[in-house]
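These are the residues of each chain, in order.
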Amino acid sequence: MSVEIATSAIRTENFRKTLGRLDIIFLSIAAIISIDTVAQIAAGGGAQAFTWTLVIGVTFLLPYAFVVSELGSAFHEEGGPFVWVRLAFGKLAASIATMFYWITNPLWMGGSLVFISAATWDAYISPLPSGSIGDYVFKIGFIWLAIFVAIIGLRYGKIIVAVGGIAKVALLAIFVVTVVIYALQNGVHGYAAGEFSPTLGGFLAVTPVILFAVVGFEAPNGAAEEMRDPQKDVPKAVASSGLISILCYLVPIFAILAVLPADKVQGATGLLDAFKEVFRVYGPAAGPLMWLAAIVFVFVVLTQASAWMIASDRVQAAAGADGAFFRYFGRFSPRLGTPVRMNMLSGIVATVFCIAATVLLSGSAAAAFTVVLTVAISTLLLSYLVIFPTVIALRRKHPDVPRPFRVPGGTAGLWICTVVIYAWVVLGSWVAVFPGTLEALFGVDYDFHDVWGVDRLTFEGFTISTLVVIALLALVGYLYERRRPGYSPEDPAAESAAEVDALAAHENRPATRIP
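Note that the structure is predicted; figures quoted are calculated from it, not measured. (Residues numbered from 1 in each chain as written. Predicted model: local features only at pLDDT ≥ 70, side-chain atom pairs only at ≥ 80, totals over all residues. Heavy atoms only, no water.)

What about the packing of aromatic side chains?
In the structure shown here, the tally under the stated rule is 26 aromatic pairs. Ring centres of Phe275 and Phe279 lie 5.2 Å apart, and the angle between their planes is 80°; on these two criteria the pair is classed as edge-to-face. According to the relative accessible area criterion, Phe279 is buried, its value standing at 4%. Ring pairing ties together the aromatic residues Phe60, Tyr64, Tyr101, Phe217, Trp308, Tyr384 and Phe388, which thus form one cluster. The cationic tip of Arg341 hangs over the ring face of Tyr328; the distance from NZ or CZ to the ring centre is 4.1 Å. (Phe/Tyr/Trp six-rings, centres within 6.5 Å; stacked < 30°, edge-to-face > 60°. Buried < 20%, exposed > 50% of the residue type's maximum accessible area, 1.4 Å probe, protein only. Lys NZ or Arg CZ within 6 Å of the ring centre and 35° of its normal.)

Points about helix 1 (residues 21-32)
With twelve residues, helix 1 extends 16 Å between its outermost C-alpha atoms, agreeing within 8% with the 16 Å of an ideal straight helix rising 1.5 Å per residue. Counting buried positions over the twelve residues of helix 1 gives nine, a clear majority of the element. For helix 1, the complete set of buried residues consists of Asp23, Ile24, Ile25, Leu27, Ser28, Ile29, Ala30, Ala31 and Ile32. For helix 1, the secondary structure elements touched by its buried residues are helix 7 (154-186), helix 8 (200-214), helix 9 (230-259) and helix 12 (286-321). (Helix = DSSP H or I, 4+ residues; strand = E, 2+ residues; numbered from the N terminus. Expected span 1.5 Å × (residues − 1). Contact = heavy atoms within 4.5 Å.)

Here we look at the side chain of Arg403
As for its position among the elements, Arg403 is in the loop between helix 15 (390-397) and helix 16 (410-433). A polar contact is formed between the side chain of Arg403 and the side chain of Glu70, at a distance of 3.2 Å. Not counting chain neighbours up to four residues away, the residues in contact with Arg403 comprise Glu70, Ala74, Phe75, Leu394, Arg395 and His398. (Polar contact = N/O pair within 3.5 Å; in protein donor to acceptor, adjacent residues only side chain to side chain.)

So, the nonpolar core
In this structure, Phe60, Tyr64, Met109, Ile253, Leu271, Phe275 and Tyr384 are the most contacted members of the largest nonpolar core, which totals 162 residues. Ranked by residue count, the leading element in this core is helix 12, at 19 residues. In this structure, Tyr384 is in contact with Tyr64, Tyr101, Val215, Gly216, Glu218, Trp308, Pro389, Tyr422 and Val425, ignoring residues within four places of it in sequence. (Core = buried A, V, L, I, M, F, W, Y, C linked by side-chain atoms within 4.5 Å.)

A short note on the packing of helix 6 (residues 133-151) against helix 12
Relative orientation of the contacting elements helix 6 and helix 12 amounts to 50°, with a least axis distance of 8 Å. Comparing the axis directions of helix 6 and helix 12 gives the class oblique. In the packing of helix 6 onto helix 12, the handedness of the crossing is right-handed. Mapping the contact onto sequence places Phe138, Phe142, Leu145, Ala146, Ile147, Val149 and Ala150 in helix 6 and Val298, Val301, Leu302, Ala305, Ser306, Met309 and Ile310 in helix 12. Looking at the contact of helix 6 with helix 12 residue by residue, the classes come out as 13 nonpolar, one polar and no charged. (Axes fitted to C-alpha atoms, helices over the stretch in contact; angles between N-to-C directions. Parallel < 35°, antiparallel > 145°, perpendicular 65-115°, else oblique. Left-handed = near helix turned anticlockwise from the far one by under 90°. Nonpolar A, V, L, I, M, F, W, Y, C, P; charged D, E, K, R; others polar.)

Some points on the layout of surface pockets
Taken as a whole, the second largest pocket spans an internal volume of roughly 340 Å³. Ile103, Leu107, Val349, Val469 and Leu473 are, among the 17 residues lining the second largest pocket, the residues nearest its centre. Of all the elements in the fold, those that place two or more residues in the lining of the second largest pocket are helix 5 (91-125), helix 13 (340-360), helix 14 (366-387) and helix 19 (456-483). Residue composition of the lining of the second largest pocket, grouped by class: 16 nonpolar, one polar and no charged. (1 Å grid on protein atoms, 1.4 Å probe; cavity = no way out; pocket = protein on both sides within 12 Å on 5 of 7 lines; lining within 4 Å. Points joined across faces, edges and corners; volume = space filled by probe spheres on them.)

A word on the pattern of salt bridges
Think of it this way: side chains of opposite charge can pair up when their charged atoms draw near. Evaluated as defined, the whole model comprises eleven salt bridges. For Arg395, the salt bridge is made with Glu70, and the minimal N-O distance between the two is 2.7 Å. Of this pair, Arg395 sits in helix 15 while Glu70 sits in helix 3 (residues 48-74), and the two are 325 residues apart along the sequence. Taken as a pair, Arg395 and Glu70 share a single burial class, namely buried. Connected through salt bridges with shared partners, the residues Glu70, Arg395 and Arg403 form a single ionic network. (Salt bridge = Lys/Arg side-chain N within 4 Å of Asp/Glu carboxyl O.)

Here's what the structure looks like:
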């Protein structure tokens, strides 16, 4: 028995079953391992970065994997997180949560990933002055190449994403091996063992960055109906990708912190800065190797963006198909099997934001725009405040739905896992929206203006305004579809009462249907 939403136009789509277990693993790796943040975590948290990454791996990533494994294997309909929230809390809650989940990704691509890639290209491959015609061509080309990978269909897109995932792990492995060679030639000059001891200051400095970097287990479930066997493959793929991902954070971070001189870590502005330092062991070959590493790095970042576009665009398209957003964006291409309209919207949003960032970040409005960018990207964490509790609500509302995987420990284990990961997300969300408040509470030094370039009142004004605008975008789409002729008013309580006995379109077994 499964669950489907009868009001969703997505029920008319015929999805191709193209994602096997390895495909799901590679898609997860591409989404979860943010290669651009590895050195940022090490530089921002010092020696404690490794300690807190390990703590988060055990206390957040593990229970988070349990929760997504249960949700993804039991409720495997196209749109993943949208479907979970829709079934648990109704269409309005799903509309807002999905908008916060989706909007992060085109803004992150257009306001962050393209700039990291352009800076890498300029520093290690070929000169690319900021604001030049070449700079604009590179950034806009990057965005639409990532969108192209999302549009061409999973049959081909999954191969590109898989190559990117393999390249990502290989690049980090080469870095770790090179660090070992560097240590053998130059000795160990990094942090002393005692400096790895956790402190409150280190916790507040690096935890939100780590938290944002490691989310993404649920991303492949955006394409759940394109999986061959989600009941079996989702839990195993989550376990495999989770183990690989945490190792790809822990090992390189430890290598950076334990081996590189402390001043080199403090000055690291990205992973390739650390590469440049350790690649000195290769002598004359260092230059060509750095060029090759930079090419691979840009490709990896590109496929990282594509993986999130593939996943989040499907989640938002599922919202459109059900009338929780504009239905126009809920259509899938019959030929490609992808939500092309939603993909195009993501590309347009990313392009506009990229152009705005290129112009504003070099002007007097740079500080204000940075605040808006940071908050907009952080909305992904806010969406989990609604997504994570669905695992408890769906246990209550749909107890008879088969669950190939259950969160260990029975009801107590379910509540413990959910409360723990929810607490982490509350912390990350609070720090994103109200930075510096916890430092003030616990007596940790925090110069607000020095960090953000604006005073707190200005920051909070831009922050709250940005969040309100994003929520209004969701509400406009929801209310527009609600007012259209033929709309049937619904109530979350009425929905749950009607969720019984229908046949899932994609399975030969009983299903629960929501009107």
